[in-house]
Amino acid sequence: MKAIVTVIGKDTVGIIAHVCAVLAQNGVNVLDISQTVMREYFTMIMLVDTAGCRVDFAALADILKKDGAERGLDIRIQREDIFEAMHRI
Amino acid sequence: MITTSEILETIEMISQQHLDIRTVTMGISLRGCGHPELKTCCDKIYDTVTKRAENLVRTGEDIEREFGIPIVNKRISVTPIAIACECCETEDYAEFARTLDRAAAETGVNFIGGFSALVQKGFTGGDRRLIRAIPEALCTTRRVCSSVNVGSTRAGINMDAVALMGRIVKETADLSQGQGCAKLVVFCNAVEDNPFMAGAFHGVGEPECVINVGVSGPGVVHSALKRCAGRPLNEAAEVIKKTAFRVTRMGELVAQEASRRLGVPFGIVDLSLAPTPAVGDSVADILEELGLESVGAPGTTAALALLNDAVKKGGVMASSNVGGLSGAFIPVSEDAGMIRAAAAGKLTIEKLEAMTCVCSVGLDMIALPGDTPAETVAAIIADEAAIGMINQKTTAVRVIPVPGKGVGDFVDFGGLLGRAPVMAVNPASPAAFIGRGGRIPAPVNSLKN
């Protein structure tokens, strides 16, 4: 299943490496990344494949949320379908 | 590939503009549950509801987490109890409500609708027994919602039922300090697939079990309109339409997913703009964004007509299964902007009545002085029913005459039901009109002026 990971928060060194490591530990494959710094805010969007994920989706969402909160980041994972439905006819 | 800005726009809608799925409601038929003995009948109802809905709440929560979209309420609607339990030889219909309440608690839903009767043309024995039991039913349960349909465009208005409901509303208020009335709706042209409470029931033309979804999003529409401030109204309508399209597509996706996982057919998406008391989730704010100093000002009805129609146009394009009430809700206690305007005396019951001519659903969550006579409550119901009957639309009344309270006092209903200022009612008496009883005949459907 494809999903979108969004990471928003204050820019610090090593955010991409850290989030990728958490995803890798859980068997999630990163397909695409785009990131930018708007004002001082770091915004990263990743397209990932959760087919090989070792935990269920809800647990993965919790892991990312908690991990982000510890670093002052808002990390969400959502199925890609919701964005397709809202923005494509 | 979806663009970064589209993804961020969706996340902003959810995290800052209160975009959510307001309710996933499972409709369950109880037509197989009738039995002459009360206990057997109640057991069959309990077993049917708890079995059908056993995975409803958990499935809703799973979808919420995977899509990252809040599903605020999971609810159940059932066949009107007056129909499902007509063959039961009991006078104690409140026991059916207590059974529904236990079943709702077991499944984890926050409301169950369908303690209902459809009496637009006349009463059966079961209808009378059910209506008589409404005050006790609503005061001895927490989750049960009740509705009575007193009129329709095809049948006219049953004025005996209107008079009776005036007394039932008063009695319910007196027994519960008004709180019970927040769970009681009197309809004209009630719809059979409405997922929203308190008026949801599972109509007789519906399948065994069905999933209906109500979307929301006043905050999203308001934010979108801020970006076209001062532009001509046709441009504003276009913005509302596009926003409604997105919101509805999300509702359709969630409905399809819930239906697939639960193995229950998908019924409809209801396009209503449903406000909550939260700041930034208000229909009144949208009307004010269109250029009114306050909701209730002259122009309010026109602004609401534009809003309601644009929401429907966007929604119909987004889903081929649109139904339910599908319009903007204007519940006073559940909308921070309406509360503000009513408390300041800028929004009156008469203006709210005019607004219901162009939107769903009716005079909703309005607190009245405790000394409002039953005949006046009945006459308010009759006025709303007449608007629905003539305009071939659903209208409803959910008013709360609060014992011991007068104009200007505030009443708190708690949670999503919000708080409301007690509003003034015209003191002239309609008692002789209501006392006549009988029926208002069905209207002609031509000569439309």
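Residues numbered from 1 in each chain as written. Chains lettered and ligands numbered in written order. Predicted model: local features only at pLDDT ≥ 70, side-chain atom pairs only at ≥ 80, totals over all residues.

(A) Region of the structure containing the interface of chain A and chain B. At the junction of the two partners, chain A supplies 17 residues and chain B supplies 16 residues. Listing elements by their share of the side of chain A that touches chain B, those giving two or more residues are β1 (2-10), α2 (57-70), β4 (73-79) and α3 (81-87) of chain A. When residues of the side of chain A that touches chain B are assigned to their parent elements, the largest contribution, 7 residues, is made by α3 of chain A. Of the residues assigned to the side of chain A that touches chain B, the class counts are 9 nonpolar, 4 polar and 4 charged. (Contact = placed C-beta atoms within 7 Å. Helix = DSSP H or I, 4+ residues; strand = E, 2+ residues; numbered from the N terminus. Nonpolar A, V, L, I, M, F, W, Y, C, P; charged D, E, K, R; others polar.)

(B) Structural detail: the pairing of strand β1 (residues 21-28) of chain B. Residue and element names in this part refer to chain B. Burial analysis of β1 places 8 of its 8 residues in the buried class, the great majority of the element. Relative to strand β7 (residues 209-215), β1 runs antiparallel, the two being bridged by 7 bridges. When the sheet's bridge partners are listed, Ile21 is paired in β7 with Val215. Both β1 and strand β2 (residues 71-78) contribute to a ladder of 7 bridges, which runs parallel. Counterpart to Gly27 in the pairing with β2 is Ser77. (Buried ≥ 20, exposed ≤ 12 C-beta atoms within 10 Å, placed from the backbone. Pairing = 2+ DSSP bridges.)

(C) Geometry of the pairing of strand β6 (residues 184-188) of chain B. All names here are of chain B. Judged by how many residues are buried, β6 sits mostly within the fold: 5 of 5 residues are covered. In the sheet, strand β4 (residues 144-152) pairs with β6 via 5 bridges, with the strands oriented parallel. Considered in β6, the bridge of Gly151 is made with Cys188. Two strands pair when backbone bridges link them, and β6 and strand β11 (residues 395-402) are joined in this way by 3 bridges, in the antiparallel orientation. The residue bridging Val186 from the neighbouring strand is Val397, located in β11.

(D) Structural context of the domain arrangement of chain B. Residue and element names in this part refer to chain B. In terms of domain boundaries, chain B breaks down into domain 1 (28-188) and domain 2 (214-440). When residues of the side of domain 1 that touches domain 2 are traced back to their parent elements, those giving at least two are α3 (56-67), β4, β5 (156-158), α7 (159-176) and β6. Looking at the side of domain 1 that touches domain 2 residue by residue, the classes come out as 20 nonpolar, 12 polar and 4 charged. (Domains from an automatic or database assignment.)

(E) The packing of helix α6 (residues 125-139) of chain B against α7 of chain B, seen in detail. Residues and elements named next belong to chain B. For the pair α6 and α7, the least separation of the axes is 9 Å and the interaxial angle reads 20°. By the angle class used here, α6 and α7 are roughly parallel. Crossing handedness for the pair α6 and α7: right-handed. Where α6 approaches α7, its residues Ile131, Ile134, Pro135, Leu138 and Cys139 are matched on the opposing element by Leu164, Ile168, Glu171, Thr172, Leu175 and Ser176. The residue inventory of the contact of α6 with α7, partitioned by class, reads 8 nonpolar, 2 polar and 1 charged. (Axes fitted to C-alpha atoms, helices over the stretch in contact; angles between N-to-C directions. Parallel < 35°, antiparallel > 145°, perpendicular 65-115°, else oblique. Left-handed = near helix turned anticlockwise from the far one by under 90°.)

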